[in-house]
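A look at the structure
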Amino acid sequence: MSAKKILISILLTLPVFMTARAAEKQISVNTDDLSIILSVDKSGQLLFRHFGGYISDPDCFSGFKSYRRSDYGTDPLAYPASGGRYFNDAALSVEFPDGDLNCELLYKSHITERLDDNVTRTEIMLADAKGLEVTLVYTAYEKENVITAHSEITNTGRKPVMLRNYYSASLPVIAEKYYLTHFYGAWAMEMQVDRELLTHGSKVIESKKGVRTTHTENPSFMLSLNTETFDENYGEVIAGALAWSGNFKLNFQIDETDRLNILAGINPYASEYRLEKDRTFVTPDMIFTYSFAGAGQASRNLHDWARNYGLYDSSVMCPTLLNSWEGAYFDFDTKTITDMIDDVKDMGLELFVLDDGWFGNKYPRNNDKQGLGDWDVNRSKLPEGIAYLGDYAHEKGVRFGIWIEPEMVNPKSELAERHPEWVVKAEGRPVTTIRNQWLLDLTNPEVQDFVFGVFDRVMQEAPTIDYIKWDANRHVESFGSEYLDKQSHFWVEYVQGFYSVLDRIREKYPDVIIQACSSGGGRVEYGALKYFNEVWTSDNTEALSRVRIQYGTNLIYPACVTGSHVSAVPNHQTGNITPLKFRFDIACAGRLGLELQPKAMSAEERDFSKKAIASYKEYRDLIFNGDLYRLASPYDSDYYALMYVSKDKKRAVVFAYCIRYQGRALLPLFRLSGLDPALDYSIKELNVDKSCFWGSGKTFNGDFLVNHGINPKLGKIYDSAVFYLQAE
Ligand code: DGJ
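Only a predicted model underlies this, so the values are computations on that prediction, with no experimental measurement involved. (Residues numbered from 1 in each chain as written. Predicted model: local features only at pLDDT ≥ 70, side-chain atom pairs only at ≥ 80, totals over all residues. Heavy atoms only, no water.)

Turning our attention to the overall build of the protein chain. A count of helical and extended segments in the protein chain gives 12 helices and 37 strands. With the C-alpha coordinates aligned to their principal axes, the bounding extent of the protein chain is approximately 80 × 70 × 45 Å. By residue count, 63% of the 728 residues in the protein chain fall in the buried class. For the protein chain, restricting intrachain contacts to residue pairs at least 6 apart in sequence, the fraction spanning at least 24 positions comes to 70%. By element, 50% of the accessible surface of the protein chain is carried by carbon and sulfur atoms, the whole surface being about 27,000 Å². Computed over 78 positive and 99 negative side-chain charges, the inter-centroid distance for the protein chain is 2 Å. (Helix = DSSP H or I, 4+ residues; strand = E, 2+ residues; numbered from the N terminus. Buried < 20%, exposed > 50% of the residue type's maximum accessible area, 1.4 Å probe, protein only. Contact = heavy atoms within 4.5 Å. Areas by Shrake-Rupley, 256 points an atom, 1.4 Å probe, with all protein chains shown as cover. Lys, Arg positive; Asp, Glu negative; His and termini not counted. Charge placed at Lys NZ, Arg CZ, Asp CG, Glu CD.)

Moving on, we come to unusual backbone geometry. With an omega dihedral of -10 degrees, the bond running from valine 569 to proline 570 counts as a cis peptide bond. Turning to its location among the elements, proline 570 is positioned in the loop between strand E30 (562-567) and helix H10 (580-587). The backbone of serine 519 shows a phi angle near 50 degrees, a positive value even though the residue is not glycine. Along the chain, the position of serine 519 falls in the loop between strand E28 (513-516) and strand E29 (534-536). According to the relative accessible area criterion, serine 519 is buried, its value standing at 3%.

What follows is about the site of the ligand. Taken together, 13 residues are adjacent to the ligand, and Asp355, Asp356, Lys469, Asp471 and Asp539 come closest. In this structure, an oxygen atom belonging to the ligand sits 3.0 Å away from a main-chain N or O atom of glycine 520. Each residue belonging to the shell around the ligand can be placed in one class, and the counts come to four nonpolar, three polar and six charged. (Near = heavy atom within 4 Å. Polar contact = N/O pair within 3.5 Å; in protein donor to acceptor, adjacent residues only side chain to side chain. Nonpolar A, V, L, I, M, F, W, Y, C, P; charged D, E, K, R; others polar.)

What holds strands together in a sheet is hydrogen bonding between their backbones, with the strands either parallel or antiparallel. One open sheet accounts for four strands, arranged E11-E18-E17-E14; its pairing is antiparallel. The open sheet terminates on both sides in strands that have one partner only, identified here as strand E11 (169-174) and strand E14 (201-206). Averaged over all pairs of adjacent strands, the angle between strand axes in this sheet comes to 15 degrees, irrespective of strand direction. Summarising the sheet, strand E17 (residues 248-254) and strand E18 (residues 259-266) pair through seven bridges and their orientation is antiparallel. Paired with lysine 249 across the two strands is glycine 265, which belongs to E18. (Pairing = 2+ DSSP bridges. Axes fitted to C-alpha atoms, helices over the stretch in contact; angles between N-to-C directions.)

Take helix H9 (residues 543-556) next. Helix length check: H9 (14 residues) gives 20 Å between terminal C-alpha atoms against 20 Å at 1.5 Å per residue, within 8%. Taking burial as the measure, the 14 residues of H9 include 11 buried ones, the bulk of the element. Among the residues of H9, those classed as buried are Ala543, Arg546, Val547, Ile549, Gln550, Tyr551, Gly552, Thr553, Asn554, Leu555 and Ile556. Here H9 starts with a cap whose side-chain oxygen sits 2.9 Å from the backbone nitrogen of leucine 544, and that cap is glutamate 542. (Expected span 1.5 Å × (residues − 1).)

With that settled, consider the nonpolar core. Membership of the largest hydrophobic core comes to 203 residues, with the highest contact counts inside it found for Leu354, Trp358, Trp470, Tyr526, Tyr619 and Phe655. Ranked by residues supplied to this core, first place goes to helix H8 (residues 490-508) with 10 residues. Ignoring anything within four residues of it in the chain, the contact list for phenylalanine 655 reads Asp585, Cys588, Ala589, Tyr619, Ile623, Tyr640, Ala641, Leu642, Tyr644, Ala721 and Val722. (Core = buried A, V, L, I, M, F, W, Y, C linked by side-chain atoms within 4.5 Å.)

The next subject is the domain arrangement of the protein chain. Partitioning the protein chain into domains gives domain 1 (3-310), domain 2 (321-406 + 445-474 + 504-624) and domain 3 (630-727). Between the C-alpha centres of domain 1 and domain 3 there is a distance of 39 Å. Of the roughly 600 Å² buried between domain 1 and domain 3, counting both surfaces, carbon and sulfur atoms make up 24%. At the boundary of domain 1 and domain 3, one finds three salt bridges. With a shortest N-O distance of 2.7 Å, glutamate 232 and arginine 630 are connected by a salt bridge. Scanning the region where domain 1 abuts domain 3 turns up five residue pairs in polar contact (both at pLDDT 80 or more). Put simply, the parts of the chain that give the side of domain 1 that touches domain 3 at least two residues each are strand E13 (192-197) and helix H2 (294-310). Here the element with the most residues in the side of domain 1 that touches domain 3 is H2; it accounts for five residues. The class makeup of the residues in the side of domain 1 that touches domain 3 is two nonpolar, three polar and four charged. (Domains from an automatic or database assignment. Buried area = accessible area lost by both parts, 1.4 Å probe. Salt bridge = Lys/Arg side-chain N within 4 Å of Asp/Glu carboxyl O.)

Written out as structure tokens, the structure reads:
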């Protein structure tokens, strides 16, 4: 840190209040390498001047002139509101009680407070004279180079104000070109990468599905500046992710001045919000970072921030596990489960998870058509109960987990018979089922109590439960709530209800590991990850499909949260057959699990699995806490390769896969990243008798590995290798 930065840091330990009106002033939000600079102009507007590299003296912007003609609107505003002279999509759009649709936010005051030696929070108060206050909250995480932003909107008038747009943040960017990377997909093919050069007009990334909201698009992006390519190691990249578990919208609009205006937040779709007098609406955090060393550094900034601030207790390493789903589906009894627990123990795994099918008596949950909502253990399948299974596991030194889907109900269930009024439905319209189920209305506090109660009861019944898989297998259609007066509050209040249940759960059960599953990766976003330890990345367990799914997911979300399981072949989703080693090598790049019937494995397969599980446990701290470097992208290459490096650069693990056969002439060369060129590293291929790399077992200079690289013989599709590196 420079002397000037240290002085600024010391000054920031004191809260600073500024309340001058109508005098030009500069406000800066800084991390180690980044600055956001905002200026209050003479009329009191809060202008957005800069997001990018660190600027030590924000007063350089005093007297700044953009030379923009006034008929092209205002200079970029920090939080643009509709009306006045603002013509792009607005962060805030309101209707005042007198019917006025214009909003003019003027600066009132700001305060900057140092929360600890790494985090600074800046709150800037703006107000419209007709009775609205908006506080912009920027939190800067210095060493992670991440800044989060959200707004807090307060009705200070006498009557309700209608909020139409209420985005978390607005980010104006100026560059010659904007190359956007974003994510699309569907069930079993989440987080596929789309890349495109933005042109004038708007590009929207959004969800209108409420629950299961990240299957089709994800509230995150990477933006490469001044280029038409995506590069791991070079160039300027802005990355962003929204922490919200409901409808989202990210709007990228290039205007006539070639400026890109990014809006991010709750989707305004059908969500007009009536803000009562004296009430405050708090929008979710939008997380931004800026890298000068390509997409790789942007990912690592987000991952560091997530581990340090964004995830629910990242100090817990989610255990290796066997999940019963693909191995047993609904067809099991106590013996099937205790045998699986024995197999967990024998194979060196650490946790067993009993998936769907364990509950329901009047309507036994023997398929997905009935029983959902009736959370009593099925007495004919499991007469000894859940606690017995938990005890059985614990006696063997195995941890125990169970599946629930508490937000949902089958029409054929005792719960649906008792509480039809709890179901999400629009008055006078058919209630559609998805996977034979309805959605419970979490806007209703009674339903919130019920959902909390499902979790609580399961935990009370079997206090040995260490892990809960929380599933949600449908999205919202034909929305409506019997509980709500104003139907357009549904989308927001559902998520608020969800969070309030999770707050109660975390208060009472801080140590239970909880996985967010939503038909696979339907809840992969930083709002859920404040409560959940990990996500079920996808229902697609097939290793080749997983390459793209895991590559995309880990661009934004760290590997410690991505559950990744080895399953049987032919794969149940795709029918594809891949070697067991390839399946393990893919699954070991995230949180490793198995999802198959161990009894169906040959002795040879079991033997290999045991070795792979044992070696994973030796290096998994690198997957959970190391820096991720992508060496080859499945979108640009016939290989996928990545590595995780310990923070002290003394240890690393490299994964490399051949994902397409490309003739016998071509073989890969992977230049390793993130190592210290001045150190010597031993390199050893794991889980093989004969290595595919001539250098396995040797020691190399770091500069050789970084500047030349390794050339494992991975010539055929599904050839794969895992290398462990240790500094000597
Ligand atoms: C969908 C999940 O994604 C699966 O892993 C499994 O838990 C099933 N639901 C159970 O119904």
